[in-house]
Amino acid sequence: MIEFQAVTKRYDDGTVAVDHLDLTIEDGKITVFVGPSGCGKTTSLRMINRMIDATSGAILLDGKDIRAQHPADLRRGIGYVIQNAGLFPHRTVLDNVATVPMLLGARKAAARGRAAELLATVGLPAELGKRYPAQLSGGQQQRVGVARALAADPPVLLMDEPFSAVDPVVRDDLQDELLRLQSELGKTIVFVTHDIDEAIKLGDQVAVLRVGGRLAQYDTPAALLAKPVDDFVASFVGRDRGYRALGFLPARQVPIGPVASVPLGTPADVARGRLDAGWAVVVDTENKPLGWVSEAVLSEVDGEIRPEHLISGGSLYVADAEASGTAGTLRNALDAALSSPAAVGIAVDATGAVVGGVTAETVLKALADARRSGEVPT
Amino acid sequence: MNWVGDHIGDLLSVSLDHLRLALAPVLVGLLLSLPLGWAANRWRLARAILVPVSGLLYTIPSLALFVMMPLILGTQILDPLNVQAALTVYTVALLVRSIADALAAVPAPVIAAATAMGYRAAGRFFAVELPLAAPVLVAGVRVAAVSNISLVAVGQIIGVGGLGYFLLHGAQSPPNYPEIISGVVLIVVLALLIDGLLAFAGSRLTPWARVGPKAGARR
Ligand SMILES: Nc1ncnc2c1ncn2[C@@H]1O[C@H](COP(=O)(O)OP(=O)(O)OP(=O)(O)O)[C@@H](O)[C@H]1O
Ligand SMILES: [Mg+2]
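It should be emphasised that the depicted structure is a prediction, and the values quoted were computed from it without experimental measurement.

Scoring rules and cut-offs
Within every chain, residues take consecutive numbers counted from 1 along the sequence as written. To label them, take the chains in the order written and letter them from A, then take the ligands in the order written and number them from 1. Restriction of local features to residues with pLDDT of at least 70 applies here, the model being predicted, together with a cutoff of 80 or more for giving and counting side-chain atom pairs; totals for whole chains, interfaces and linings are based on all residues. Excluding hydrogens and water, the side-chain figures rest on all heavy atoms present in the structure. Each helix is a run of DSSP H or I of at least 4 residues and each strand a run of E of at least 2, with the numbering of both proceeding from the N terminus. Given the number of residues in a helix, its expected span is that number minus one, multiplied by 1.5 Å. Buried, partly exposed and exposed residues are distinguished by accessible area as a fraction of the type maximum, computed with a 1.4 Å probe on protein chains only: under 20%, between the cut-offs, and over 50%, respectively. Each direction from the helix axis to a C-beta atom contributes to the arc, which is the arc of those directions. We call two residues in contact whenever any of their non-hydrogen atoms come within 4.5 Å of each other. If even one non-hydrogen atom of a residue comes within 4 Å of a molecule or strand, that residue is called near it. Counted as a polar contact is a pair of N or O atoms within 3.5 Å, where, for protein atoms, one must be capable of donating a hydrogen and the other of accepting one, and residues adjacent in sequence contribute only when both atoms are in side chains. Note that accessible areas follow from Shrake-Rupley with a 1.4 Å probe, and for residues the cover is restricted to the protein chains shown. Here the term charged refers only to Asp, Glu, Lys and Arg, the term nonpolar to Ala, Val, Leu, Ile, Met, Phe, Trp, Tyr, Cys and Pro, and the term polar to all other amino acids, Gly among them. Residues enter a patch when their relative accessible area is above 30% and they make no salt bridge; the linking distance is 9 Å between like charges and 5 Å between nonpolar side chains (Val, Leu, Ile, Met, Phe, Trp, Tyr). Should a side-chain nitrogen of Lys or Arg be within 4 Å of a carboxyl oxygen of Asp or Glu, the pair is scored as a salt bridge. Delimitation of the domains relies on an automatic or database domain assignment. We call a crossover right-handed when, viewed with both strands directed away from the observer, the connection leading from the first strand over the helix to the second proceeds clockwise. One requirement defines pairing of two strands: DSSP has to find at least two bridges between them. Fitted lines through C-alpha atoms give the axes, limited to the stretch in contact for helices. The angle between two N-to-C directions lies from 0 to 180 degrees. Here the quantity called buried area is the total loss of accessible area, with a 1.4 Å probe, experienced by two parts when brought into contact, counted for both. pLDDT: the predictor's confidence for each residue, scored from 0 to 100.

**Here we look at helix 15 (residues 360-372) of chain A**
Residues that lie three or four places apart on an α-helix share one face, since the helix turns once every 3.6 residues.
Residues and elements named next belong to chain A.
Here is step 1 of the chain: The end-to-end C-alpha distance of helix 15, which contains 13 residues, comes to 18 Å, matching closely the 18 Å that a straight helix rising 1.5 Å per residue would cover.
Here is step 2 of the chain: Residues of helix 15 that are buried include every one of Ala360, Val363, Ala366, Leu367 and Ala370, and no others. Along the axis of helix 15, the buried positions cluster into a sector of 130°, meaning they face one direction only. For helix 15, the exposed residues lying more than 90 degrees away from the buried face are Glu361, Lys365 and Arg372.
Here is step 3 of the chain: Against helix 14 (330-339) and strand 16 (354-358) lie the buried residues of helix 15.

**Things to note about the site of ligand 1**
Residue and element names in this part refer to chain A.
Here is step 1 of the chain: The environment of ligand 1 is formed by Tyr11, Asp13, Thr15, Ala17, Ser37, Gly38, Cys39, Gly40, Lys41, Thr42, Thr43 and Glu161.
Here is step 2 of the chain: Measuring from a nitrogen atom of ligand 1, one finds a side-chain N or O atom of Tyr11 at 3.4 Å.
Here is step 3 of the chain: Relative to its unbound accessible area of 640 Å², ligand 1 is 61% covered by the protein chains.
Here is step 4 of the chain: Looking at which element gives the most residues to the shell around ligand 1, the answer is helix 1 (residues 41-48), with three residues.
Here is step 5 of the chain: Of the residues in the shell around ligand 1, the class split is three nonpolar, six polar and three charged.

**A closer look at a nonpolar patch on the surface**
Residues and elements named next belong to chain B.
Here is step 1 of the chain: Side chains of Leu63, Val67, Ile77, Leu78, Ile157 and Leu168 sit close together on the surface and give an oily, nonpolar patch of about 520 Å² of accessible area.
Here is step 2 of the chain: Inspection of the secondary structure puts Leu168 in helix 8 (residues 164-170).
Here is step 3 of the chain: Looking at Leu168, the relative accessible area reads 42%, which means it is partly exposed.

**A few points about the domain arrangement of chain A**
As a measure of interface size, the accessible area lost when the parts come together is often cited.
Here is step 1 of the chain: Segmenting chain A into domains produces domain 1 (2-240) and domain 2 (252-371).
Here is step 2 of the chain: For domain 1 of chain A versus domain 2 of chain A, the separation of C-alpha centres amounts to 41 Å.

**A short note on the pairing of strand 7 (residues 156-160) of chain A**
Residue and element names in this part refer to chain A.
Here is step 1 of the chain: By the criterion of burial, strand 7 is predominantly enclosed, with five of the five residues buried.
Here is step 2 of the chain: On strand 7, burial covers both faces: Val156, Leu158 and Asp160 on one face and Leu157 and Met159 on the other are all buried.
Here is step 3 of the chain: Chirality of the crossover, the property in question, places the unit of strand 7, helix 7 (residues 168-185) and strand 8 (residues 188-193) among those that are right-handed.

**A short note on the sheet that holds strand 13 (residues 289-294) of chain A**
Residue and element names in this part refer to chain A.
Here is step 1 of the chain: The three strands are arranged 11-12-13 in an open sheet whose pairing can be described as mixed. The open sheet terminates on both sides in strands that have one partner only, identified here as strand 11 (261-263) and strand 13. When strand polarity is set aside, the average angle formed by the axes of neighbouring strands in this sheet is 35°.
Here is step 2 of the chain: Direction of pairing for strand 12 (residues 279-283) relative to strand 13: antiparallel, over a ladder of five bridges.

**Some remarks on the environment of Asp231 of chain A**
All names here are of chain A.
Here is step 1 of the chain: Mapped onto the fold, Asp231 is located in helix 10 (residues 231-237).
Here is step 2 of the chain: Classification of Asp231 by relative accessible area gives exposed; the value is 68%.
Here is step 3 of the chain: Along the chain, Asp231 and Ala343 lie 112 residues apart, while their C-alpha atoms are 35 Å from each other.

**What to know about the environment of Leu264 of chain A**
Residues and elements named next belong to chain A.
Here is step 1 of the chain: Here Leu264 is to be found in the loop between strand 11 and helix 12 (268-274).
Here is step 2 of the chain: For Leu264, a relative accessible area of 35% corresponds to the partly exposed category.
Here is step 3 of the chain: When the C-alpha atoms of Leu264 and Pro289 are compared, they prove to be 9.7 Å apart, with 25 residues separating the residues in sequence.
Here is step 4 of the chain: Among all residues touching Leu264, those that are not within four sequence positions of it are Val282, Val283, Leu290, Ile305, Arg306, Pro307 and Leu310.

**Here's the deal with the interface of chain B and chain A**
Here is step 1 of the chain: Each side of the interface is counted separately: chain B has 24 residues, and chain A has 32 residues.
Here is step 2 of the chain: Between chain B and chain A, roughly 2,400 Å² of surface is buried when both sides are summed, and carbon and sulfur atoms account for 63% of that area.
Here is step 3 of the chain: Taken together, the links from chain B to chain A amount to one salt bridge.
Here is step 4 of the chain: Across the pair Arg120 of chain B and Asp73 of chain A runs a salt bridge whose closest N-O atoms are separated by 3.1 Å.
Here is step 5 of the chain: Viewed at the interface, chain A and chain B are joined by six residue pairs in polar contact (both at pLDDT 80 or more).

**Considerations on the confidence of the model for chain B**
Here is step 1 of the chain: Confidence in the prediction of chain B, expressed as mean pLDDT, is 88, and 96% of residues score 70 or more.
Here is step 2 of the chain: The low-confidence segment residues 214-219 of chain B, where pLDDT is below 50, has 17 contacts with residues more than four positions distant or belonging to other chains.

**Structural notes on unusual backbone geometry**
All names here are of chain A.
Here is step 1 of the chain: Even without being a glycine, His20 presents a positive backbone phi close to 45°.
Here is step 2 of the chain: Mapped onto the fold, His20 is located in strand 2 (residues 16-25).
Here is step 3 of the chain: Judged by its relative accessible area of 55%, His20 is exposed.
Here is step 4 of the chain: Its identity is not glycine, yet Asn84 carries a phi of approximately 60°, on the positive side.

**Notes on the side chain of Asn82 of chain B**
Residue and element names in this part refer to chain B.
Here is step 1 of the chain: Mapped onto the elements, Asn82 comes out in helix 5 (residues 80-104).
Here is step 2 of the chain: In this structure Asn82 comes out as buried when scored by relative accessible area, which is 0%.
Here is step 3 of the chain: Among the polar contacts listed, one links the side chain of Asn82 to the side chain of Thr75, at a separation of 2.5 Å.
Here is step 4 of the chain: With residues up to four places along the chain from it excluded, the contact list for Asn82 reads Phe66, Met69, Pro70, Leu73, Thr75, Gln76, Ile77 and Ile158.

If you want it as structure tokens, here you go:
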């Protein structure tokens, strides 16, 4: 557990970067500091490993004041992933990752062995170990940065905008990878970002800071979206927050209706007879959805339905009542309905086979029911 | 050409002497300029003094510096130490600035990362900052070595020894051209040889500097 107790940081020029911050960061969770540029996120993070010393107040790590230890010793027990990775250009990837174990006195061979394991953990092929950082892509460098921070297996990991310099697709991969890693490792992670979407995706708890270094709200992502404490948080959380909040509501009560489906290769005239409201979903031999056909499309087709006749479908809603937990959210269900050309979202089971359809009306009704029963904060 | 054949042993042993006279100051100068360059990078005041002063020292003509040395060191005018000390001064003057600049060019995120990993200041200097400054450092050492090899020849005017002897001795009347040319050629060969060796050693020391567009560059 990391506790900020009335922590203030005033820089020499008088700038108050952090103002009386009180915050408790739980073990084994991802806590995100988010806020506009200059609000004191980096300062707050760096006070945890004493790269910056607080002007007043105290920070406790597992109940002990961090000032009780030599900063270098404290830091060897806290992983740090810096923006732009900050890899050592003169060391190979493997030696970069081996840095902290070596500082802690590990033998070179042992440290490199451990480093090689970590490359696999963060999803990098072993051959990259021999390269220098300049020979890696930005995304690969970030992964090495994460591996290096994990090398000595520290209980705490500090991450300062680690994914902000890579393109959105790579960023998404890296975020998913971090969540996967965290589900295995259960570290206490403090993550800094200025991107509220990233905060909501990754955070178990999110601290929204405002400029001047004051804490605006400290809550779960769902609560942040549903109940921002003031206009600053509401506007920072963003315009679509009502829609995004649906992402935290399980779609268990959404009834799944029937959906017209025809196998690929069905003769067009047979298919025409099976349409529902002018549309049918086309499935493969395993009942997985391939796309849609409509009245208008079929009238042009003579013979069997072939792949080139299909209209591509929308997003899929995974509704697996058996394996609870994997069931999709209201957001998935609604998006499936809205993105479908037939206005019916396709519900699939865990194997990807079609089990039925959901419409926007049924999703909204389920939401209204959940609100009435008090399951959703209003 | 007979002269060369008769004096081949002398030429070689004097060449070795010449190298020792030129390179010992490079080594001493390097050891002195590391802490000075570090200080110039660390403190603004140190930089404000060290950089202009070393620039100034470098502009003093070599002969003037050689003959000034006895005044400063209290040595005899013909003491070989004068030239050694003067060449050390030149080396320091050359290297302080480039070391300070090279250290300043180490990317801030790399230094922050090293600090965050748990390096103490000294460990970080030797493990991260100095290696990253090495390419610039090697370039500075090459210039210092080559210029010292030619300056040692000038030092013969105050009797330091080395290949300059053949230039002065050969120039007495009647001039002995094979002797003069041998001296000149050997000085040039030594300079090229040392420069090449240092360049080779430098690139072996910094394999990482050859792979990317520039050190620390992304992608
Ligand atoms: N060394 C420093 N000296 C003086 N002021 C500083 C220093 N470092 C940061 N600040 C100021 O402190 C405030 C908070 O800076 P900080 O770097 O913590 O912000 P941040 O939230 O991380 O911003 P960003 O999203 O842009 O990275 C800013 O106003 C900044 O200008
Ligand atoms: Mg920052």
